[in-house]
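Overview (structure and organization)
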Amino acid sequence: MNTDPEWARELFERSRQGEEPAWVADHTEMMRTGQRRNRVRALAASGSVLATAAAVAAVGIGVAGGADRRTPEPTPGTSVASPTKTAAAAADPAKVLDYASFDGFSTKDGKGSAAGFFKNYYIAVSATTAHDTMRLLSTLDPTLEHIAKTTPIADRVRLVPDTDPMAQDMAELKATVLWTESGLPASALQPVKSTAPTGMLLVSYVDSAKEKPAGQATCVTDGDTNTDLLHPVKTSGDGWMDAAQWSPCTKSTLPDGSTLLSSTKSYGPYVVTDVARKFPGTGGEVVMEWHNYADILERPTPGGSTVPPQPDPKRLLSGNPVTADKLVAALSDAGLTPPMTPVPVTAPSNTPLQPFSFGPGWKADPAGSHGSTATLAVEDGCVNEQHAVASKQPILGYAGTTPSGIQADATVAVDIMGAGSGPHWMDDLRRHGTGGCDTAAYHFSLDTMSPVPAGTGDDAFIENWYGQDRATIFIRFGDDIMRVDVSASAQNQHAFTQADKAWFVDLATRIAARLKN
């Protein structure tokens, strides 16, 4: 599979041609594979395709206008007059689909990843989600004069009561909102049509089971999903990195017990801000990611490499109209309610692997114990292969502290492969576990492997993911491949120490011994 920026460009071309990519992705499976991708089902301008929230941002996909478009389409570069609205009228939940393109989603039961989803189902925007979305938007822009009008693809996105079965099955919803200085509708703000200054707001509603622990990527749980770089810097091979760094995490607690998390990165006038509200208990979270610019799409260079998406100077807004303080104020609103339907998840009990297998102080993590395996993932930046498992197994989550004191999260799953194929797939994982092709976000070429003592299962090794504070233990028992992902939970923590790496080896041998008994 192509790397994210390449995939985004291909997605854009396919959406214009009406084609549909051949692959599907399950959100819980992506969580199991270390969240190197945050793909969810999404809509493109001309039909049903699969996308990421990041790719949506990169290609301006929030323009979900179709043949039913009723808004007059002006010539690019011109503006259109809009009627004066009061703040009360602007907050009308019934108007939410006029302003927010709900273009990404996943479902609790996994059917959202199936081909032909829209033949039988739809993206359900509940009354609560509609109310909260309009409340957020009208707080940021009281009369919605700067929110670009959009039109959903007919019958694929529906406003429904909270009791609607599809609304209760939604595990995650992502909406794209475009900010305009000209009054142009979203259909006129596509990068291939317009050079008008345009901002972008990505709003995510995530249930308690999909919610990720604070600290992965940035301090904001669902932030940093964009693949565009504010200040691209060339690294080894075809790799790029962003010289712009996220600010330290700002945290606060609201009277209802919710936690607010905020982080910003900037380069010159370009700004990306992530703010999340994590509701207490099983309340889930709401995340807003703001860009004060539109992107230049990925493009080749004379040297043959490819520059990832980055800010387009012509499409930079005047100043930064949506600051971190405004986002924090919007998400602090006492009128907001926990998103989606709560998902009570019990801690793993009678399973072969218990928290004490990791060491003193480790506990089961209910938020990480959700979903089941679907495919064995093989990825090194050059390839991204998904191979179906023979039997789905539960994913278990744990949390605790490594020997060096790093707060860490772990997910454990077993991929049961076809009879006699276990050694082949283990060899495939090992072959791609060292080196690889660098991308805009990850230096796969610097990934390394650590050996484990002979006799640890039928085969075992440890993969060390460079720059991600993450290691994965692979242990094979016949045709079953256990994968234990251990990741640092907090932002800007140092890489795992030698003591931690020795602990990984010891953990692998102890897990293998326990599972043999």
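Residues numbered from 1 in each chain as written. Predicted model: local features only at pLDDT ≥ 70, side-chain atom pairs only at ≥ 80, totals over all residues. Heavy atoms only, no water.

1. Focus: the sheet that holds strand S24 (residues 459-465)
The strand order S18-S21-S22-S26-S25-S24-S23 describes an open sheet built from seven strands, whose pairing is antiparallel. Pairing within the sheet leaves two strands with one partner each, and these edge strands are strand S18 (363-364) and strand S23 (448-450). The strands that helix H9 (residues 422-431) touches are S23, S24, strand S25 (470-477) and strand S26 (480-488); relative to S24, the one it contacts most, it runs at about 25°. (Pairing = 2+ DSSP bridges. Helix = DSSP H or I, 4+ residues; strand = E, 2+ residues; numbered from the N terminus. Contact = heavy atoms within 4.5 Å. Axes fitted to C-alpha atoms, helices over the stretch in contact; angles between N-to-C directions.)

2. A few points about unusual backbone geometry
The backbone of Leu144 sits at a positive phi, close to 60°, despite the residue not being glycine. Classification of Leu144 by relative accessible area gives buried; the value is 2%. (Buried < 20%, exposed > 50% of the residue type's maximum accessible area, 1.4 Å probe, protein only.)

3. Section: the pairing of S26
Here is the key point about a regular strand: its side chains alternate between the two faces of the sheet. By the criterion of burial, S26 is predominantly enclosed, with eight of the nine residues buried. Of the pairings in the sheet, the one linking strand S22 (residues 407-416) to S26 comprises nine bridges and is antiparallel in character. The residue of S26 that forms the bridge with Asp409 is Ser487. Inspection of the sheet shows S25 paired to S26 by eight bridges, in the antiparallel sense.

4. Structural notes on the nonpolar core
In terms of nonpolar packing, the biggest core is built from 45 residues, with Phe102, Leu136, Leu201, Met288, Leu327 and Leu331 touching the most fellow members. Residue contacts for Leu201: discarding those within four places in its chain leaves Leu137, Leu140, Ala175, Thr176, Val177, Met288, Glu289, Trp290 and Leu327. (Core = buried A, V, L, I, M, F, W, Y, C linked by side-chain atoms within 4.5 Å.)

5. Considering the pattern of salt bridges
One pass over the full model with this rule turns up 10 salt bridges. Asp428 is the partner of Arg431 in a salt bridge, and the nearest nitrogen-oxygen pair spans 2.3 Å. Here Arg431 and its partner Asp428 are both found in helix H9, three residues apart, which amounts to about one turn of the helix. Look at Asp428 and you get buried, because its relative accessible area is 4%. Each of Arg470, Arg483 and Asp485 takes part in one network of salt bridges that share partners. (Salt bridge = Lys/Arg side-chain N within 4 Å of Asp/Glu carboxyl O.)

6. Observations concerning helix H6 (residues 127-140)
Helix length check: H6, at 14 residues, gives a terminal C-alpha distance of 20 Å against a target of 20 Å (1.5 Å per residue), a fit within 8%. Within the sequence span of H6, burial applies to Thr129, Ala130, Asp132, Thr133, Met134, Leu136, Leu137, Ser138 and Leu140. (Expected span 1.5 Å × (residues − 1).)

7. Here's the deal with the packing of aromatic side chains
A full pass over the atoms with the stated rule returns 12 aromatic pairs. Geometrically, the ring pair formed by Tyr270 and Tyr293 is edge-to-face, given 5.9 Å between the ring centres and 80° between the ring planes. Highlighted residues: Tyr270 in strand S12 (residues 270-278) and Tyr293 in the loop between strand S13 (285-291) and strand S14 (295-296), separated in sequence by 23 residues. Take Tyr270: its relative accessible area is 13%, and that puts it in the buried class. (Phe/Tyr/Trp six-rings, centres within 6.5 Å; stacked < 30°, edge-to-face > 60°.)

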